[in-house]
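# Coordinates in review
In case you want the letters, here they are:
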Amino acid sequence: MVTLASIEPGSWLGIFGGGQLGRMFTHAAQARGYHVAVLEHEANCPASQAADRHVIPSADDQMPATIDSFARHLSAITLEFENVNADWLQLAARFAPTRPGAEFLNVCQHRFREKSAVQAAGFPVTPFQPVSCAQDIIDAGHVFGWPVIVKTCRSGYDGKGQVVVSTAEQAAEAFKSLQTDEAIAEKRIDFVAEVSMLGARSPSGEIVTYPLVENSHANHILDISRCPVSPALTHYESHAEQIVAGIAQQFRVEGLFCVEFFIDARQGLMVNEIAPRPHNSGHLTIEAFSVSQFDQQLRALCNLPLGSTKEYRPAAMANLLGDLWFAGQGMNWSAAFAQSNTFLHLYGKSEPRIGRKMGHLTCLADTAEQAVERVQQIRQAFTT
Ligand code: ADP
Ligand code: MG
């Protein structure tokens, strides 16, 4: 192992991006005595409400000067979304290490590169092919069988930049709707479950993995996460651990990341995608684990010893999307405070929109099943 210095409390840390993941990282870092600066276009974004400093980029041609003023006093820089402009990251890296680094980010920013790299490293992935015209979609349909899921290589999230194509006749219109010729087609997996696992690797080479989390989605957006997973899925845990630790090792990741998987009844685990940052399915670690994903991100960023990932209570998390705000006559939050072991998080976004992540709710219980039931009940009570 290489001996590298740690970045001590009292130092300034930077984040690219100002959403809720940056806000929760900021809370964790400040609790340990660090100062946090956020680089984000949007004024009054979730992270800027908590951060010690908010830098708002002006025009793109002013970016070198903006990055200079943002990064000059920082000891390390992390990110909370993967679509960070690589040029900006490089400019910032002149002042302080960026963790994750540009190489891993480059893989995770682009679905074709990501799936190719994970497959080349020897890990199972969802069957996929590159798509740069409508005929490529038709070819993929013939190889995989219909329907196929076509996804843009860049900038997709929460199901955006994806289209399900059910017949060859739909290929031309579907391709046009993507508005890019950089895409992939995937076999649609009739999965038994979707699961995810957080991992972290410090610059010194220490690696940890968290337990597997089971996720259910509604309209391609995460709805509920639970940990531990259902008893029928526990035997996938050790294979997932091998894959996540293997990715950390082979890609020499510096930082915290999350691997999303499908479980196919016959083929077992398949990597769907990698997020080089904290993940929505990891929010339950804030209360359920002795070391949350944001605390772990901080430890990896600062090259501190990584924390235990195995001490936890059964938990479930439910997302609070903007949809809820339109479902009743105002929000009644008191249900979140009626019992202990229930934790409401709101991200400080003033404008609810359909599909927008406004907050989340975590419940701890004796079993994950009870926790799932409780978060669903309480979420429902917010609008009744
Ligand atoms: P993102 O999370 O970046 O929007 P994903 O590729 O994770 O993109 O897709 C979002 C969700 O859509 C997945 O969690 C899953 O529920 C569904 N989905 C995506 N790809 C497939 C696939 N090949 N087969 C079945 N379902 C899929
Ligand atoms: Mg996803």
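Look up a bit, the structure's there.
Throughout what follows, the structure given in this document is the object of discussion.

Reading guide: rules and limits
- Residues numbered from 1 in each chain as written.
- Chains lettered and ligands numbered in written order.
- Predicted model: local features only at pLDDT ≥ 70, side-chain atom pairs only at ≥ 80, totals over all residues.
- Heavy atoms only, no water.
- Buried < 20%, exposed > 50% of the residue type's maximum accessible area, 1.4 Å probe, protein only.
- Helix = DSSP H or I, 4+ residues; strand = E, 2+ residues; numbered from the N terminus.
- Arc of directions from axis to C-beta.
- Contact = heavy atoms within 4.5 Å.
- Polar contact = N/O pair within 3.5 Å; in protein donor to acceptor, adjacent residues only side chain to side chain.
- Near = heavy atom within 4 Å.
- Areas by Shrake-Rupley, 256 points an atom, 1.4 Å probe, with all protein chains shown as cover.
- Nonpolar A, V, L, I, M, F, W, Y, C, P; charged D, E, K, R; others polar.

## What about helix H3 (residues 86–93)?
Residues of H3 that are buried: Trp 88, Leu 89 and Ala 92. For H3, the angular spread of the buried residues around the axis is 100 degrees, confining them to a single face. With respect to the buried face of H3, the exposed residues turned more than 90 degrees away are Asp 87 and Gln 90. Where the residues of H3 are buried, they touch strand E1 (12–16), helix H2 (63–71), strand E4 (76–79) and helix H4 (102–108). The backbone nitrogen of Asp 87 lies 2.8 Å from a side-chain oxygen of the residue at the head of H3, namely Asn 85.

## Regarding the site of ligand 1
Surveying the vicinity of ligand 1 reveals 21 residues, the closest of which are Lys 151, Gly 159, Glu 194, His 220 and Asn 272. Side-chain polar atom of Arg 111 to an oxygen atom of ligand 1: 3.0 Å apart, as the coordinates give it. Within the complex, 92% of the 540 Å² of free accessible area of ligand 1 lies under protein. Those elements that place two or more of their residues in the shell around ligand 1 are strand E6 (148–152), strand E8 (183–187), strand E13 (255–264) and strand E14 (268–275). For the shell around ligand 1, a count of residues per class yields 5 nonpolar, 7 polar and 9 charged.

## A few points about the environment of Ala 117
Among the secondary structure elements, Ala 117 is positioned in helix H5 (residues 111–120). The spatial distance from the C-alpha of Ala 117 to the C-alpha of Val 107 is 7.3 Å, given a sequence separation of 10 residues. Beyond its immediate chain neighbours, meaning those up to four positions away, Ala 117 contacts Val 107 and Phe 251.

None of the figures reported here should be taken as evidence of function without further support.
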